[in-house]
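Observations on chain architecture
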Amino acid sequence: MADATLLQAVTDRGPRALADFYDRFSRRAYALARRVCVDEALAEDVVQEVFLQVWRQPERFDASRGSVSTWLMTMVHHRSVDAVRREATRRKHTVSPADDGEEWNVPPGPGADEAALDAVDAGRVREALQQLPAEQKEALTLAYFGGFTQREVASIAGVPLGTVKSRMFTAVRTLRGVLDGRVDRGGSS
């Protein structure tokens, strides 16, 4: 059964649809969540949240934006990153003060201006990604946002490794052309 057909069965609330969907994707989802979260329990929570979201809102899948597996792995990646951030924040707030009486300060880092520029750049990259053919967009999304190796992307997409390499090379070359001169924060003021 095709992935999209299986997701449609989930949407239609088929009797075994979610179980079949879970059986098909849970290992890949957990592997990605584990890679991002490092913590097993946190990764398990992420996977549970994602499959619950699939059950509650399967209609959020948009075939024009990529495959079912890309959609699912993107959700896993985003939820994993959010979980790591939440955990880091929680730990920061539960850290005991230093014994020597010094106040603990956050180390210096990028300011709000840097974050704003990053958000603008991210928006431009997203726009440029939308101009790519679906196969190229899927390969880049899985590799760069999903954290998968090219070999894993080939397995997920069901195509030869050489095809994935070719798609990624062409996609990156196309993105460079689209973004050339638009995403430049490196120098002249």
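Just so you know, these numbers come straight off a predicted model, no measurement behind them. (Residues numbered from 1 in each chain as written. Predicted model: local features only at pLDDT ≥ 70, side-chain atom pairs only at ≥ 80, totals over all residues. Heavy atoms only, no water.)

**A few points about the pattern of salt bridges**
Stated precisely, the cut-off is as follows: Think of a salt bridge as a Lys or Arg side-chain nitrogen and an Asp or Glu carboxyl oxygen that are within 4 Å of each other. Burial classes: relative accessible area under 20% of the type maximum marks a residue as buried, over 50% as exposed, and values in between as partly exposed (1.4 Å probe, protein chains only).
All told, the structure shown has 7 salt bridges when counted by the stated rule. One salt bridge connects R16 with D20, and the closest N-O pair in it is separated by 3.0 Å. Close ionic contact of R34 with E40 constitutes a salt bridge, the shortest N to O distance being 3.3 Å. A relative accessible area of 29% places R34 in the partly exposed class. Assessed through its relative accessible area of 44%, E40 is described here as partly exposed. Salt bridges linked by common partners bring R16, D20 and D23 together as one network.

**Topic: unusual backbone geometry**
Phi angles above zero are rare outside glycine, and R13 is one such case at about 60 degrees. Although it is not a glycine, V38 adopts a positive phi angle of roughly 70 degrees. Its relative accessible area of 56% is what places V38 among the exposed residues.

**Observations concerning the nonpolar core**
The following threshold applies: For the purposes of this section, nonpolar cores are sets of buried Ala, Val, Leu, Ile, Met, Phe, Trp, Tyr and Cys residues that join through side-chain atoms within 4.5 Å. Secondary structure elements follow DSSP: runs of H or I of four or more residues count as helices, runs of E of two or more count as strands, with numbering from the N terminus. The criterion used for residue contact is that any of the two residues' heavy atoms lie within 4.5 Å.
One finds L7, F21, V54, L72 and M73 to be the most contacted residues of the largest nonpolar core, which totals 41 residues. For this core, the secondary-structure elements that each account for two or more residues are α1 (3–11), α2 (17–37), α3 (40–56), α4 (68–94), α5 (112–130), α6 (134–145), α7 (150–157) and α8 (161–179). What V54 contacts, discounting residues up to four positions off in sequence, is L7, V10, F21, W71, L72 and M75.

**What about the confidence of the model for the protein chain?**
This is how it is decided: As a per-residue measure, pLDDT reflects the predictor's confidence and takes values from 0 up to 100.
Averaged over the protein chain, the pLDDT score is 82; the fraction of residues at 70 or greater is 80%. Taken element by element, the predicted model of the protein chain shows its lowest mean pLDDT in α5 (68) and its highest in α3 (95). Contacts from residues 183–189, a stretch scored under 50 in pLDDT, to residues over four places away or in other chains number 6 contacts.

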